[in-house]
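Remarks on the overall topology
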Amino acid sequence: MSAVSDRLPTFPWDRLEPYKKTATAHPDGIVDLSVGTPVDPVPELIQKALVDAADSPGYPTVWGTPELRDALTGWVARRLGARDVTHRHVLPIVGSKELVAWLPTQLGLGPGDRVAYPRLAYPTYEVGARLARAGYEVYDDPTELDPAGLKLLWLNSPSNPTGKVLGKDELTRIVAWAREHGVLVFSDECYIELGWEADPVSVLHPDVNGGRMDGLVAVHSLSKRSNLAGYRAAFLAGDPAVLGPLLEIRKHGGMMTSAPTQAAVVAALGDDTHVREQRERYLARRTALRAALERHGFRIEHSEASLYLWATRGESCWETVAHLAELGILVAPGDFYGSAGESFVRVALTASNERVAAAVARL
């Protein structure tokens, strides 16, 4: 066990505990804008689908029910603009973090192979490479990487933590480069429904990939769009030559989404109304928090999409974390996401209207 755990960095969120205690001691209570976990109710139609499927005594399948695969293919075509999507182009997963952490291992990567991800990025991309004992590196522009030995290229648009969106032309250029060099692309698009000042595009859109999905897989989650973080509901869409072997590996590993969750996902992907309503909640919170932070002396960079504001006061992120904790506001230090974030903090929009109003008043 120690041989595996020794490969991993210190779990970053443990370092935030002293500041959480400070923020919790505020007379009006903590406003937790750190982790980004949904706080709004699960839509009733999704809850009903889950309850209606609660009597599920048998094992679910890793590939999901035909109804689930129909829902996945329908959404990918309708929402992402992908063409000719069949059941072979989709695969349910048990939440997107599980996939990110174990993908290099499931792809058979190891010593001598390399995984690349953005310079500012979700820490689990690195964790996945470390678990597989593969090499890893960061990039500003992936087309400037040495393609020799590069087996997995992570894209993330909209970005966590910055909210930056890769435009259609940029995605097209990156996809063409990756294909030229035989590099597999996994595009983390979990925040694609949450574009504010930009309209995020998927690598599965034919304008990006020329109508071909070879060498491309997109990762999608229902955690943010439908408040289903507690359901562990996500899926992959893309190249069947990649998803087919992953399906077989995941069958052996028992990586199956529960039957009630599969039914809930069918309901969630079949309804766009609750997504629009949740967007409006986040937009109102974003507008209020952004204005308050800027009045308080912060500068906001990128943040044109996703559930976060990428903010700086031009000082160490830990100084900013301490300052806000004294106001009872907890945020994530930018260096959790790479050394390039050392003067930024990530401010999540995932707090109730009442708590956001409290943060605005304190700022």
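Residues numbered from 1 in each chain as written. Predicted model: local features only at pLDDT ≥ 70, side-chain atom pairs only at ≥ 80, totals over all residues. Heavy atoms only, no water.

1. Concerning the pattern of salt bridges
Counted according to the given criterion, the structure contains 24 salt bridges. Here D52 ties to K48 by a salt bridge, and the two come within 2.8 Å at their closest N and O atoms. Taken together, the residues span about one helical turn, with D52 and K48 both in helix α3 (residues 44–52) at a distance of four residues. The pair formed by D52 and K48 is uniform in burial state, with each residue classed as exposed. Between D207 and K168 there is a salt bridge, and its shortest N-O distance comes to 3.1 Å. Of this pair, D207 sits in helix α8 (residues 206–209) while K168 sits in helix α7 (residues 168–180), and the two are 39 residues apart along the sequence. Because the salt bridges share partners, they merge into one network encompassing D28, E354, R355 and R362. (Salt bridge = Lys/Arg side-chain N within 4 Å of Asp/Glu carboxyl O. Helix = DSSP H or I, 4+ residues; strand = E, 2+ residues; numbered from the N terminus. Buried < 20%, exposed > 50% of the residue type's maximum accessible area, 1.4 Å probe, protein only.)

2. Some words on unusual backbone geometry
With an omega of -5°, the peptide bond running from S157 to P158 counts as cis. Position of P158 among the secondary structure elements: in the loop between β5 (150–156) and α7. Here the residue pair N160 and P161 is connected by a cis peptide bond, since its omega of 25° sits within 30 degrees of zero. As for its placement among the helices and strands, P161 is situated in the loop between β5 and α7. Here R133, not a glycine, exhibits a phi torsion of approximately 65°, which is positive. Summarising the element assignment, R133 is placed in the loop between α6 (124–131) and β4 (135–139). Phi is positive for R232, which is not a glycine, with a value near 55°. By secondary structure assignment, the location of R232 is in the loop between β7 (216–221) and β8 (234–238).

3. Things to note about helix α11 (residues 273–295)
Its 23 residues place the ends of α11 34 Å apart at the C-alpha level, agreeing with the 33 Å of an ideal helix rising 1.5 Å per residue. Residues of α11 that are buried: H274, V275, Q278, Y282, R285, R286, L289, R290, A292 and L293. Contacts from the buried residues of α11 go to α3, α10 (259–269), β9 (299–301), β10 (308–312), β13 (344–348) and α13 (353–362). Backbone geometry just after α11 places G297 at a positive phi near 105°. (Expected span 1.5 Å × (residues − 1). Contact = heavy atoms within 4.5 Å.)

4. Brief notes about the packing of helix α2 (residues 17–24) against helix α12 (residues 317–326)
Packing of α2 against α12 brings their axes to within 7 Å, and their N-to-C directions diverge by 25°. In terms of their interaxial angle, α2 and α12 are classed as roughly parallel. Together, Y19, T22 and A23 of α2 and W318, V321, A322, A325 and E326 of α12 make up the contact between the two elements. Classifying every residue of the contact of α2 with α12 by side-chain character gives six nonpolar, one polar and one charged. (Axes fitted to C-alpha atoms, helices over the stretch in contact; angles between N-to-C directions. Parallel < 35°, antiparallel > 145°, perpendicular 65-115°, else oblique. Nonpolar A, V, L, I, M, F, W, Y, C, P; charged D, E, K, R; others polar.)

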